[in-house]
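# What the coordinates show
The lines below spell out each chain.
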Amino acid sequence: MLHDGSPNRIWRWILILTMLFLTGAGARLASQTSSKDHFGGAVGFLEEAGRLWEAGKKDRAIEALRQAAVELSKLRAELSDPEDRSKVTVLIGDLTNVDINSEFTVESISERLALLKPELNTSTRVRFSKSYSPPVILDQSASGGHASAKNAPTVADSPDQTSLYLENHPPLRFEPVAAILEKTFCGSETKDHILETGGGGIALVDYDNDGWLDIFVVNAFRLTEEREPVAQSHLLYRNLGGMRFENVSRQAGVDLPGWGYGVCTGDYNNDGYLDLYVTNFGPNFLFHNNGDGTFSEVARSLGIDHPGWSTGCTFFDPDRDGNLDLYVANYLETDWKDLRRATRTHIWRDGPRVMSGPVGMRRARNIFYRNSGSGSFGHEGHLPADSGGYSLGVLSTDVNNDGWVDLYVANDSDPNYVLLNHQGTLIASSSSGAELSGDARAQAGMGVDAADIDSDGLMDLVVTNFAHDYNTLYRNLGSSAFEDVSHAWGLQPATFERLGWGVVFFDADLDGDLDFFIANGHLYPQVDQFPSLNESYQQANQLLINVGGRFVDGSKLAGLGLSERKSSRGLATGDLDNDGRMDLVISNMDDSPTILHNRSEVGD
């Protein structure tokens, strides 16, 4: 963050950029048109930010600075020299940390930009394409959509992997359970505001320590046709055994109304009982497990009831003091007034008019809470990368095997980021390779999970993304570096058309190889009115099977449970009947959750 009284540091960035390209890096990239375009794009956005800032439109200026950071991320992917990459990484970090307290002027930038233009400096060795013009930053309310790819990936030539799987494995069977679960909601049926399109977190937790996993379902408000809110409460189902579940929400004390989004579990006070933290649009909840089958909501008393729009969260112990700290992701800034008056203004693929966002809306910042160990939390504020990124999925895992747990955050239409743990201090890594797709695009990250898919002892990452884009598999190369291997592992064609949300690695067929499941569902109900788009609001979920180091879509082989079409969101896996096989629970928009009982035969 830049504070009042600081020098005009943003224009010093541009000077550094200029010198970088007038020296060695410029010479190395002089013949690479795409690299020059990315640099020119960054300069264009920076120039636009200066004009907007001087006009008093600081929110729009900050949006332009974020776009400049995206262009620099693409540029960094094409740099081969480690020193050059390091310089650009620093610039990206600085740009993403600008806030409304920063100071700069248009006059300062014009002097530095002159160094970049051939007609003003004949000594420059870099010539920029004249075809570049910076995108227009709209003064009115934004109407942008989500990041997606332009073209479908090509299908690589390969043997019939599905047939190969059938020849060597017993059949998969995931059967829907006829449990009576309450219908959950999220806004109106037409989804006029972006708040109405997500949510539905699921947690499997043995809250009463009886040896059976219970089900917690996050709920949200319903909106009437007049867009008046109808309160709904979160839900807890006690596992009675034999795939039977009882709604104990009221008895347990978790039936508080809230516009919920996500949930994470952890024993924050080390009393031997798992607690629940629920993210909401509005104050978040911490349900303290009393140990007698009931919960008490204590977030406000502990100072962790953030009142904005929170999404993902995780309990983790970054300082290894034995007390679980809390990280909370936040999406964007909005309010009930915006929600009530929302109209659909964005055109999706030259077809339906749908809700707007997130691009162009004001990002919210993520929050880190430090557990004091005395039953309370101290607000540690924002970590280095948390200037805002439309954050959704959050994951805590040790990405570099140093014994200190790190964080990975999936952002919607912004670069993802890794927060590396340096012996208790979390520091953003902007050059891990897991920020962008392999073709240097910021994708619309939704859900995230980690596992060692190739048995090399390193945790790999998967991120689900928007429709008409592939879900991304990042292979861990060691030394905190990742590589997009989505194409090589078969994810690009298999996941391109559908819109992914929850994702989880698990061994579906117990053959020793990790498979994974994806909960799918579109944001826009209106796509059903345009058959030519070949899209649908309700979509089939997917089970991708690991066959010899490549994932194949085994959904059609997995029984009736994978043939249902809903607009799914949240996802959790666990052994609900204690038979050694992992079952699945999936939340669905404006519908009841789905329980899939794993009855697959055991593999070799």
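What counts and how
Residues numbered from 1 in each chain as written. Predicted model: local features only at pLDDT ≥ 70, side-chain atom pairs only at ≥ 80, totals over all residues. Heavy atoms only, no water. Core = buried A, V, L, I, M, F, W, Y, C linked by side-chain atoms within 4.5 Å. Buried < 20%, exposed > 50% of the residue type's maximum accessible area, 1.4 Å probe, protein only. Contact = heavy atoms within 4.5 Å. Helix = DSSP H or I, 4+ residues; strand = E, 2+ residues; numbered from the N terminus. Pairing = 2+ DSSP bridges. Axes fitted to C-alpha atoms, helices over the stretch in contact; angles between N-to-C directions. Salt bridge = Lys/Arg side-chain N within 4 Å of Asp/Glu carboxyl O. Phe/Tyr/Trp six-rings, centres within 6.5 Å; stacked < 30°, edge-to-face > 60°. Polar contact = N/O pair within 3.5 Å; in protein donor to acceptor, adjacent residues only side chain to side chain. 1 Å grid on protein atoms, 1.4 Å probe; cavity = no way out; pocket = protein on both sides within 12 Å on 5 of 7 lines; lining within 4 Å. Points joined across faces, edges and corners; volume = space filled by probe spheres on them. Nonpolar A, V, L, I, M, F, W, Y, C, P; charged D, E, K, R; others polar. pLDDT = per-residue confidence, 0-100.

With that settled, consider the nonpolar core. Counting 31 residues, the largest nonpolar core has Trp-259, Trp-309, Trp-348, Phe-466 and Tyr-524 as the members making the most contacts within it. Not counting residues up to four positions away in its chain, the partners in contact with Trp-348 are Ser-148, Val-354, Phe-466, Ala-467, His-522, Tyr-524, Val-527, Leu-533 and Glu-535.

What follows covers the pairing of strand S23 (residues 460-463). Every other side chain in a regular strand lies on the same face of the sheet, so the side chains alternate between the two faces. What you see with S23 is no split at all: Asp-460 and Val-462 on one side and Leu-461 and Val-463 on the other are buried throughout. Relative to S23, strand S22 (residues 448-451) runs antiparallel, the two being bridged by four bridges. Looking at the pairing, Val-448 lines up with Val-463 of S23. Where S23 lies against strand S24 (residues 472-478), three bridges are found, and the strand directions are antiparallel. Looking across to S24, one finds that Val-463 is bridged to Thr-472.

Another aspect to go through is the sheet that holds strand S27 (residues 515-520). The four strands lie next to each other as S26-S27-S29-S30, forming an open sheet whose pairing is antiparallel. This sheet does not close on itself; its edge strands, each paired only once, are strand S26 (500-506) and strand S30 (551-553). Ignoring strand direction, the axes of neighbouring strands in this sheet form an average angle of 25 degrees.

Per the counting criterion, the structure on display carries 22 salt bridges. Put simply, Asp-192, Glu-196, Arg-227 and Arg-344 are held in one network by salt bridges that share partners.

Turning to the sheet that holds strand S8 (residues 259-266), a few remarks are in order. With antiparallel pairing, the four strands of this open sheet are ordered in space as S8-S9-S10-S11. Two strands lie at the open edges of the sheet, namely S8 and strand S11 (295-297), each paired on one side alone. Neighbour to neighbour, the strand axes of the sheet diverge by 25 degrees on average, direction disregarded.

Let's shift gears to the environment of Leu-65. Along the chain, the position of Leu-65 falls in helix H4 (residues 58-77). Sequence separation of Leu-65 and Val-43 is 22 residues, and the distance between their C-alpha atoms is 9.7 Å.

Here the amide bond leading from Gly-357 into Pro-358 is cis, since omega sits at 5 degrees, within 30 degrees of zero. Within the fold, Pro-358 resides in the loop between strand S15 (353-354) and strand S16 (367-371). At Asn-209, a residue that is not glycine, the phi angle is positive and equals roughly 55 degrees. As for its placement among the helices and strands, Asn-209 is situated in the loop between strand S2 (202-205) and strand S3 (214-217).

On to the packing of aromatic side chains, then. On inspection of all chains with the given rule, the structure shows 21 aromatic pairs. Consider the rings of Tyr-207 and Phe-295, whose centres lie 5.8 Å apart with planes at 35 degrees: the pair is tilted. Note that Tyr-207 is positioned in the loop between S2 and S3 and Phe-295 in strand S11, a separation of 88 residues in sequence. Both residues of the pair, Tyr-207 and Phe-295, belong to the buried class. Arranged with centres 6.0 Å apart and planes meeting at 40 degrees, the rings of Phe-221 and Trp-259 form a pair that is tilted. Separated by 38 residues along the polypeptide, Phe-221 in the loop between S3 and strand S4 (222-223) and Trp-259 in strand S8 bring together distant segments of the chain. By relative accessible area, Phe-221 is classed as buried at 14%. Site record: aromatic cluster; members linked through ring pairs are Phe-221, Trp-259, Phe-281 and Trp-336.

Okay, the side chain of His-234 next. Summarising the element assignment, His-234 is placed in the loop between strand S5 (229-230) and strand S6 (235-241). Side chain to side chain, His-234 and Asn-280 meet in a polar contact 3.3 Å long.

Leftover empty space is mapped by rolling, across the atoms, a probe with the size of a water molecule. The tally for this structure, following the rule as stated, stands at three cavities of 30 Å³ or more. Around the largest cavity, the lining comprises 15 residues; the ones closest to its centre are Thr-184, Phe-185, Gly-200, Asn-588 and Met-589. Along the lines of polarity and charge, the residues of the lining of the largest cavity split into five nonpolar, eight polar and two charged. Around the second largest cavity, the lining residues are Asn-541, Gly-561, Glu-564, Arg-565, Lys-566, Ser-568, Ile-586, Asn-588 and Thr-594. Only strand S31 (565-566) and strand S33 (583-588) provide two or more residues apiece to the lining of the second largest cavity. Taken together, the residues of the lining of the second largest cavity sort by class into one nonpolar, five polar and three charged.

What follows deals with the pairing of S8. Buried residues dominate S8, accounting for seven of its eight residues. Judged from the seven bridges that link them, S8 and strand S9 (residues 275-281) form a sheet pairing that is antiparallel. What sits directly across from Gly-260, in S9, is Asn-280.

Time to look at the confidence of the model for the protein chain. Overall, the predicted model of the protein chain reaches an average pLDDT of 83, with 76% of residues at or above 70. pLDDT under 50 marks residues 1-8. Its contacts with residues more than four places away, or in other chains, come to 18 contacts. For residues 22-33, every residue scores under 50 in pLDDT, and the model assigns this stretch 20 contacts once sequence neighbours within four places are set aside.

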